[in-house]
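# Notes for the structure review
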Amino acid sequence: MAGNREADLGAGLAVKVRTIDELHSLQQKKSGASTQITSSTTPLSEEQRRKQQLQSISASLASLTRETGPKVVKGDPARKREAPKEVSHPVAPTISVSDSSLKFTHVLYNLSPAELYEQALKYEKGSFITSNGALATLSGAKTGRAPRDKRVVKDHTTEDDLWWGKGSPNIEMDEHTFMVNRERAVDYLNSLEKVFVNDQFLNWDPQNKIKVRIVSARAYHSLFMHNMCIRPSPEELEDFGTPDFTIYNAGQFPCNRYTHYMTSSTSIDLNLARREMVILGTQYAGEMKKGLFSVMHYLMPKRGILSLHSGCNMGKDGDVALFFGLSGTGKTTLSTDHNRSLIGDDEHCWGDNGVSNIEGGCYAKCIDLSWEKEPDIWNAIKFGTVLENVVFEEHTREVDYADKSVTENTRAAYPIEYIPNAKIPCVGPHPKNVILLACDAFGVLPPVSKLTLAQTMYHFISGYTALVAGTEEGVKEPRATFSACFGAAFIMLHPTKYAAMLADKMQQHGATGWLVNTGWSGGSYGSGSRIKLAYTRKIIDAIHSGSLLDVNYKKTEVFGLEIPTEVEGVPSEILDPINTWGDKKAYEETLLKLAGLFRNNFATFTDHKIGEDDSLTQEILAAGPIF
Ligand SMILES: Nc1ncnc2c1ncn2[C@@H]1O[C@H](COP(=O)(O)OP(=O)(O)O)[C@@H](O)[C@H]1O
Ligand SMILES: C=C(OP(=O)(O)O)C(=O)O
Ligand SMILES: [Ca+2]
Ligand SMILES: [Mn+2]
């Protein structure tokens, strides 16, 4: 027995392999990702399914103006044992066709975060693991969106459907130019040894789910979209089929300035008829998520569903709040609330059954992030999270969130379930409160005011904020901005269309509108200071609990806003901004200056009717500042 035991021990400790290669082959086992299909139709064999998938990807990457593109094969070119065997082209290329068709492009299909980390760390300069486990990446020369380079194809349908001209974000291009850029992007992607393909979903409302495919050249982009879109289950992926919308992200490669309509080396092109988007000349990952948001702003209203640039959360009693606001006004920060479940931080739909998040992740600003102020966001920065453009200590890899050396617009993209109280699936009932966030750099808007429906519409259409530096290119300090529907950069139809839908839904479901200034108090930017996040949170708490409906109000001059005289946990004197200004005359002047800006901005909307109801249009026009 004793002798045998020794032999057993020896056998148990030694690995049963004969070569090092065999040993390495033991390390990674195939997971049984594919489950038994229980549908009534004849199930496809694993091989048939793979073949269909490859054909679909191959079709996405086909160069439309050439005989063929390269051969598409699945798998990492670095893994020699998966030598390309399968060729998906219907016709075998002959030597008379171009060289590109003789080449192989490997497709890295829906890789896991761990695999994407390895790809990024091995092949993409500027990729590092930070001490919290996140993947730090650099987005290159562009660290914010480029709205002046966003183009939309004007064709016979979009010509009448979309909002064009002054104030519209839709810069026109023609179909031919789109195809020139598309071919440029596809050729660039096909010239690479490998591309990443993500097949994912948008919209948690099962009846209005959209299938998206993202073809990109960087693991960073693939991981970003893995986090930001809804992740399919293995079964859903097997049944994915043809995508409803495809992004070609060739961001490392510029557009050609000799191409008609091009004004810089960057172009983000949307073709609604082809259901495609092409990105050239910018690697800022936010373009992809916001590009898809634009698509939803077109598709959803066609179905009677309102698309919203808002955060959304829900209390224990099922009370839902929407947080509208431009970049940097606090949608992500304030919808991430330890006492409430998070439905989403940025993009939602409001339909007949309630609200649904469009995305599967959050994209938080992380400049000056601290555990004390934003613990949930801090804790979400861990393995799997993409940390864009942050600076870290070279040895410990500890992130310095205060460092703006690369950009002010540093970001973290993480799956929504990284927030502990995320509501999965990300849907909820009809909203009770609609909170309009404005970061007022002039420091004259009250920290909170209760709005009438007409005022809510007036401020929704105005979409005022001081654009905080960073998210859009070339903005170095806060500046007053008006952006219709708090998202003019993303809306596709005329703002009054969305406004009419919002008014209708708010009326139907009895939602209360609020205006919350998360910006300056005690003076304008430069002399005053930003309202403490802790105070804003107290104000938001009082809105959620309903207690703010039961306090006394007074009406402000000029803007005619109803402001509470007290809010629990907030010093009463700051509730009326005039109290916080030392120089009262300067306050009056600044107030009138801002009112003038509002009036000028709204002039473009005065000729438009909002919905069917003429009296509402008149009320909205009267709900602006009076001076
Ligand atoms: N009073 C305040 N309310 C909300 N955010 C504030 C406030 N003061 C400072 N901030 C900061 O402003 C930023 C808001 O950004 P974020 O929530 O990402 O905006 P959005 O999601 O609307 O783009 C965060 O960095 C947050 O810490
Ligand atoms: C990513 C963006 O959204 P936000 O700043 O609203 O979070 C953006 O506007 O580029
Ligand atoms: Ca946004
Ligand atoms: Mn945000």
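Going by the structure above, here's the rest.
A few points on the structure. (Residues numbered from 1 in each chain as written. Chains lettered and ligands numbered in written order. Predicted model: local features only at pLDDT ≥ 70, side-chain atom pairs only at ≥ 80, totals over all residues. Heavy atoms only, no water.)

### So, the sheet that holds strand E16 (residues 348-351)
Either a parallel or an antiparallel arrangement is found when strands of a sheet pair, and the pairing is made through backbone hydrogen bonds. In space, the four strands of this open sheet follow the order E12-E16-E17-E23, with antiparallel pairing throughout. The open sheet is flanked by strand E12 (306-308) and strand E23 (427-428), the only strands paired with a single partner. Looking at chain direction, E16 and strand E17 (residues 354-357) are connected through four bridges and run antiparallel. Paired with Cys349 across the bridge in E17 is Ser356. Across the sheet, helix H9 (residues 286-302) lies against E12 and E16, angled at about 160° from E12, the strand it touches most. (Pairing = 2+ DSSP bridges. Helix = DSSP H or I, 4+ residues; strand = E, 2+ residues; numbered from the N terminus. Contact = heavy atoms within 4.5 Å. Axes fitted to C-alpha atoms, helices over the stretch in contact; angles between N-to-C directions.)

### Some details on the coordination of the calcium ion (ligand 3)
At 2.2 to 2.9 Å from the calcium ion (ligand 3) lie its protein donor atoms, namely Lys290 (NZ), His309 (NE2) and Asp346 (OD). Between the donor residues of the calcium ion (ligand 3), the gaps in sequence give the motif K-x18-H-x36-D. A separation of 5.0 Å is found between the calcium ion (ligand 3) and the manganese ion (ligand 4). You can see Lys290 sitting in helix H9 and its partner His309 sitting in the loop between E12 and strand E13 (310-314), a full 19 residues away along the chain. Given a relative accessible area of 11%, Lys290 falls into the buried group. (Donors = N, O, S within 2.8 Å, 3.2 Å for Na, K, Ca; no water. Buried < 20%, exposed > 50% of the residue type's maximum accessible area, 1.4 Å probe, protein only.)

### Side note on the site of ligand 1
In the vicinity of ligand 1, 16 residues are found, and the nearest of them are Gly328, Lys331, Thr332, Thr333 and Glu374. At 2.8 Å, a side-chain N or O of Thr332 approaches an oxygen atom of ligand 1. Expressed as a share of its isolated accessible area of 570 Å², the protein-covered part of ligand 1 is 91%. Where the shell around ligand 1 is concerned, the elements lending two or more residues are helix H10 (331-335) and helix H14 (533-545). The element that contributes the greatest number of residues to the shell around ligand 1 is H10, accounting for three residues. Residue classes in the shell around ligand 1 are distributed as three nonpolar, eight polar and five charged. (Near = heavy atom within 4 Å. Polar contact = N/O pair within 3.5 Å; in protein donor to acceptor, adjacent residues only side chain to side chain. Areas by Shrake-Rupley, 256 points an atom, 1.4 Å probe, with all protein chains shown as cover. Nonpolar A, V, L, I, M, F, W, Y, C, P; charged D, E, K, R; others polar.)

### A word on the pattern of salt bridges
Considering all chains together, one arrives at 21 salt bridges under this definition. The residue Lys404 makes a salt bridge to Glu408 at a minimum N-O spacing of 3.7 Å. Under the relative-accessibility criterion, Lys404 is labelled partly exposed at 42%. When salt bridges with common partners are traced through the structure, they connect Lys289, Lys290, Lys331, Asp346, Glu347 and Glu359 into a single cluster. (Salt bridge = Lys/Arg side-chain N within 4 Å of Asp/Glu carboxyl O.)

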